[in-house]
Amino acid sequence: MRVYKTNEIRNVAVVGHGASGKTSLVDALAFVAGTSKRHGSVKDGTALTDFTADEIERKYSINLALAVAEWMDTKINLIDTPGYLDFTGDALAGVYAADSAVVVLSATAGVEVGTEKVWDYCERRSLPRLLFVSLMDKEHANFERVFDQIKERLTTKVIPVEIPVGEGLEFHGIINLFSKKAHLYKKGTKAGEYEEVDVPDEYQDRFAKYSQELIESIAATDDTLLERYLGGEEIGRDEAIAAMKAGMAKGELFPLFCGAAELTYGTRALLNKLVELCPAPQERPPVDVQKWGSADRFTVKADDAGPLVAQVFKTVSEPHVGDVTLFRIYSGSVKNGQDVFNAPRDATEKLNHLCVAQGKERIEIAELHSGDIGAVAKLRDTHTNDTLSTKDKGLVLQKIPFPEPVITVAVEVKQRGEEDKLSTGLHKLHEEDPTFHHEYNPELAQTLIRGLGERHLEIVVGRLARKFGVHAQTAKPKVAYRETFRGKNEGQGKHKKQSGGRGQYGDCWIRIAPLPRGSGLQFVDEIVGGVIPRQYIPAVERGVQEAASKGPVAGYPVVDFKVELYDGSYHDVDSNEMSFKMAGILAFRNVSPGCRPVLLEPIMEVEVWSPDEYQGAVMGDLSSRRGHIVGTDKDGKLTKIKAMVPEAELDRYATTLHSITHGRGTYKMKFHVYQDAPPDVAARVTEARKKELEEVKA
Ligand SMILES: Nc1nc2c(ncn2[C@@H]2O[C@H](COP(=O)(O)OP(=O)(O)O)[C@@H](O)[C@H]2O)c(=O)[nH]1
Ligand SMILES: [Mg+2]
């Protein structure tokens, strides 16, 4: 592969809902262009960009992957992205690394949840977009219906530049509104070859209608063009293309294409248009950079003469190779073997074996110009979302705002002694995939992992085993219950030991009373006349604190109560701090059961955004989780439902919400308050906890 200059590069993210045909399209484009020598298929596990073991086994994309199509003296960097919401972090990364996007839709399913999601990502980056309706050959394919859905759910500025000849099993050609010709495909077409003919008679009416709409939409984006068009002047093809490109750059036009990628139908025309309509890197707006460690900010453009600024948007780990880093150059250029600098980590890295990625293959390249996308293996301390620059400049880009996790589960090793390996593995996986998070919760004594869905976490656990040899299983996260008191009580704690030598003696009297939620533990010293010497009083307090970490109901920490220390006694020789701490512990244990102790459970504030039609179902489900609906609100096209729900009832809520709302609902939750657990819940928790504590002892 030759080296391409900035103006010869197109970085195109291929995005859309799962199973809309993205991976098949990327494979076909690279193959039809001749850059990839083999026409792969998702079904056989040979598609160019679905090459990891996980993907071949499951037959859908999990990771972002790159392919190259060289066409019309241009290198099209195709970024294939996963469609499922569990892996949407990679779709976002793909959109950030690209200068334009092809939004792929299935001719049978049309606009889906995932389509809306990636559309929104593209909006955030103001990416020029083409839409491609694939699977036109599938039974029940319907171009017109998909077109209507796009207008209704994505944008009214969509405009067909192609229309299909036949649909479903009859699909065999495409009419191009720019060239005013029809391309007819023969069964068994290998690489998108077609026969070019005049528009068939029976399509003349549709052709005329769409052609007029197309030219009017184009003219409408430019005043002088519109004037000429209204004056009856013909607008030439090149002019129309240039105007369309400008319209796309402003977000005023979104051209619509069609085809059947798996059959290679429609891929040649799409390749042409990717080159002609999508911006080269230097045509995109400048990006902000910051000098690391200073407030200096400025902007850079895709220009070889600028300082080197490149962002790592994905790290893939490959068997026998290790980590492969995919990066996008925003300014400057890089040469094979060059040193680069990762300023925030203070790490110098060598770009040994600088490569261009073609699926799992990596093709070595001498240099990459500004705006290009490259791959390099074995960087030592560089991770996803890091910026590479040079030591003298030390620049950093704004990070890609990866989505926050929505689901939490606990993970435990199957074999004791592998805990350290587990934590190392989890840490590495987070550096690779910023949508995956983990933490150890000492109170629950559990390692919690968080991600974008159950499938996401399943894949993570699989990677743990494959990459780090840690065999782990998931479990339900424990709930951090608390206990408190409803009544008052008082009594003594006395610690006395006389066993030869020096004895131990501590004696205290305490009163316990409840306090309002959020007060914590208040310790009041009411000792008069030195019945307990000053220096031992803090020891009593420490004893009470320690004992209160395991409450009388079920051994959970006790909160929100007052302890008054009002009497006691001491021994001149035998008293010491340790003895008074023991006295504090004993006093708490004696007095607390008489304070009407109760179990508290954490209540979360949950906000759900749902389309109106699922509002009832969402609220019904929340109520069945002992939730209390606080209110509903309109929020754009969605309804926002606010509810208070016990944390114990929210295990894997993301999965339920996904299925109730067909993937269109989202939610956020945060801790709100501790509340009395209802008696049946308290009884159940107490029972379960007893067993748990016995197991720990055993
Ligand atoms: N009939 C038909 N099936 C296709 C076409 N393109 C892809 N498929 C099939 O649709 C499924 C999903 O395709 P894939 O490329 O993995 O979609 P992605 O999830 O968007 O990447 C696979 O089983 C493909 O074989 C097409 O043009 N026609
Ligand atoms: Mg795919």
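Predicted, not measured: the structure shown is a model, and the values here were computed from it.

(A) Region of interest: the coordination of the magnesium ion (ligand 2). Around the magnesium ion (ligand 2), the protein contributes the donor atoms Thr23 (OG1) and Ser61 (OG), at 2.0 Å from the metal centre. Here threonine 23, found in helix H1 (residues 22–32), pairs with serine 61, found in the loop between helix H2 (53–58) and strand S2 (65–71); they are 38 residues apart in sequence, far enough to count as distant. The burial state of threonine 23 is the same as that of serine 61; both residues are buried.

(B) Broad picture of the site of ligand 1. Neighbouring ligand 1 are 16 residues, the closest being Ala19, Lys22, Ser24, Asp137 and Glu262. With respect to ligand 1, the backbone of alanine 19 contributes an N or O atom lying 2.7 Å from an oxygen atom. A distance of 2.7 Å separates a nitrogen atom of ligand 1 from a polar atom in the side chain of aspartate 137. When the free accessible area of ligand 1 is taken as 570 Å², the share hidden by the protein chains comes to 87%. Here the shell around ligand 1 gets 3 residues from one element, more than from any other, and that element is H1. Here the shell around ligand 1 is built from residues that sort into 5 nonpolar, 7 polar and 4 charged.

(C) Quick peek at helix H16 (residues 679–697). With 19 residues, H16 ought to run about 27 Å at 1.5 Å a step, and its terminal C-alpha atoms sit 27 Å apart, in line with that. Taken together, the buried positions of H16 are occupied by Val681, Ala682, Val685 and Arg689. What you see down the axis of H16 is that its buried residues fit within an arc of 90°, all on one side. Every exposed residue of H16 that faces more than 90 degrees away from the buried side is listed here: Pro679, Arg684, Lys691 and Glu695. In the core, the buried residues of H16 are packed alongside strand S34 (597–611).

(D) Representation of the packing of aromatic side chains. Applying the stated criterion across every chain yields a total of 13 aromatic pairs. On the basis of an interplanar angle of 50° and a centroid distance of 6.0 Å, the ring pair of phenylalanine 485 and phenylalanine 588 is categorised as tilted. Of this pair, phenylalanine 485 sits in strand S29 (residues 482–485) while phenylalanine 588 sits in helix H13 (residues 577–591); the two residues are 103 residues apart in sequence, bridging distant segments of the chain. Judged by its relative accessible area of 1%, phenylalanine 485 is buried. Here phenylalanine 561 and phenylalanine 588 contribute two aromatic rings whose centre-to-centre distance is 5.8 Å and whose plane-to-plane angle is 45°, an arrangement assigned as tilted. Note that phenylalanine 561 is positioned in strand S33 (residues 561–569) and phenylalanine 588 in helix H13, a separation of 27 residues in sequence. Given the relative accessible area of 0%, phenylalanine 561 is considered buried. Exposure remark for phenylalanine 588: the relative accessible area of 1% places this residue in the buried category. Through a chain of ring-to-ring contacts, the aromatic side chains of Phe171, Tyr185, Tyr194 and Tyr265 assemble into a single cluster. Seen from the ring of tyrosine 84, arginine 455 lies directly overhead, with NZ or CZ sitting 4.5 Å from the centre.

(E) Focus on the pattern of salt bridges. Enumeration according to the criterion identifies 50 salt bridges in this entry. Linking glutamate 367 and lysine 335 is a salt bridge whose minimum nitrogen-to-oxygen distance equals 3.8 Å. Taken as a pair, glutamate 367 in strand S21 (residues 367–368) and lysine 335 in strand S16 (residues 334–335) lie far apart in primary sequence, 32 residues in all. Between arginine 486 and aspartate 676 there is a salt bridge, with the nearest N and O atoms lying 2.3 Å from each other. With arginine 486 in the loop between S29 and strand S30 (489–497) and aspartate 676 in strand S37 (residues 666–676), this pair connects stretches of sequence that are 190 residues apart. Note on aspartate 676: relative accessible area 36%, which makes it partly exposed.

(F) Seen up close, the packing of helix H14 (residues 615–624) against helix H15 (residues 653–660). At a minimum axis distance of 10 Å, the contact between H14 and H15 shows a crossing angle of 150°. Taken together, H14 and H15 sit at an angle that is classed as roughly antiparallel. The hand of the H14/H15 crossing is right-handed. Touching Ala617, Val618, Asp621 and Leu622 of H14 are Tyr653, Thr656, Leu657 and Ile660, all from H15.

(G) Region of the structure containing the sheet that holds strand S5 (residues 129–134). Spatially, the 7 strands line up as an open sheet ordered S2-S3-S1-S4-S5-S11-S6, and their pairing is mixed. The two strands at the open ends of the sheet, each matched to only one other strand, are S2 and strand S6 (158–160). Averaged over all pairs of adjacent strands, the angle between strand axes in this sheet comes to 30°, irrespective of strand direction. Pairing between S5 and strand S11 (residues 254–258): 3 bridges, direction parallel. Paired with phenylalanine 132 across the two strands is phenylalanine 257, which belongs to S11.

(H) Representation of the packing of helix H12 (residues 537–548) against H13. The geometry of H12 relative to H13 is characterised by a closest axis approach of 7 Å and an angle of 45° between their N-to-C directions. Considering their axes alone, H12 and H13 lie oblique with respect to each other. The handedness of the crossing between H12 and H13 is right-handed. Within the contact between the two elements, H12 uses Ala539, Val540, Arg542, Gly543, Val544, Glu546, Ala547 and Ala548 and H13 uses Glu577, Phe580, Lys581, Gly584, Ile585 and Phe588. Within the contact of H12 with H13, the residues separate by chemical class into 8 nonpolar, 2 polar and 4 charged.

(I) Representation of empty space enclosed by the protein. All told, the structure shown has 4 cavities of 30 Å³ or more when counted by the stated rule. Of the voids in this model, the largest cavity is the one considered here, and its volume is about 160 Å³. Every residue lining the largest cavity is counted, 17 residues in all, and those nearest its centre are Asp90, Lys314, Asp433, Thr435 and His456. Those elements that provide at least two residues to the lining of the largest cavity are helix H3 (88–97), strand S14 (309–318) and helix H11 (454–468). Here the lining of the largest cavity takes 3 residues from H11, the largest share from any one element.

(J) The sheet that holds strand S28 (residues 472–475), seen in detail. Taking strand neighbours across the sheet as the criterion, the 4 strands line up as S26-S27-S25-S28 in an open arrangement whose pairing is antiparallel. Edge strands, defined here as strands with exactly one partner in the open sheet, are strand S26 (437–441) and S28. Neighbour-to-neighbour, the strand axes of the sheet open up by a mean angle of 35°, direction not taken into account. In the sheet, strand S25 (residues 407–413) pairs with strand S27 (residues 446–451) via 5 bridges, with the strands oriented antiparallel. The residue bridging valine 409 from the neighbouring strand is isoleucine 449, located in S27. Packed on one face of the sheet, helix H10 (residues 419–432) meets S25, S26, S27 and S28 and runs near 150° to S26.

The rules behind the values
Residues numbered from 1 in each chain as written. Chains lettered and ligands numbered in written order. Predicted model: local features only at pLDDT ≥ 70, side-chain atom pairs only at ≥ 80, totals over all residues. Heavy atoms only, no water. Donors = N, O, S within 2.8 Å, 3.2 Å for Na, K, Ca; no water. Helix = DSSP H or I, 4+ residues; strand = E, 2+ residues; numbered from the N terminus. Buried < 20%, exposed > 50% of the residue type's maximum accessible area, 1.4 Å probe, protein only. Near = heavy atom within 4 Å. Polar contact = N/O pair within 3.5 Å; in protein donor to acceptor, adjacent residues only side chain to side chain. Areas by Shrake-Rupley, 256 points an atom, 1.4 Å probe, with all protein chains shown as cover. Nonpolar A, V, L, I, M, F, W, Y, C, P; charged D, E, K, R; others polar. Expected span 1.5 Å × (residues − 1). Arc of directions from axis to C-beta. Contact = heavy atoms within 4.5 Å. Phe/Tyr/Trp six-rings, centres within 6.5 Å; stacked < 30°, edge-to-face > 60°. Lys NZ or Arg CZ within 6 Å of the ring centre and 35° of its normal. Salt bridge = Lys/Arg side-chain N within 4 Å of Asp/Glu carboxyl O. Axes fitted to C-alpha atoms, helices over the stretch in contact; angles between N-to-C directions. Parallel < 35°, antiparallel > 145°, perpendicular 65-115°, else oblique. Left-handed = near helix turned anticlockwise from the far one by under 90°. Pairing = 2+ DSSP bridges. 1 Å grid on protein atoms, 1.4 Å probe; cavity = no way out; pocket = protein on both sides within 12 Å on 5 of 7 lines; lining within 4 Å. Points joined across faces, edges and corners; volume = space filled by probe spheres on them.

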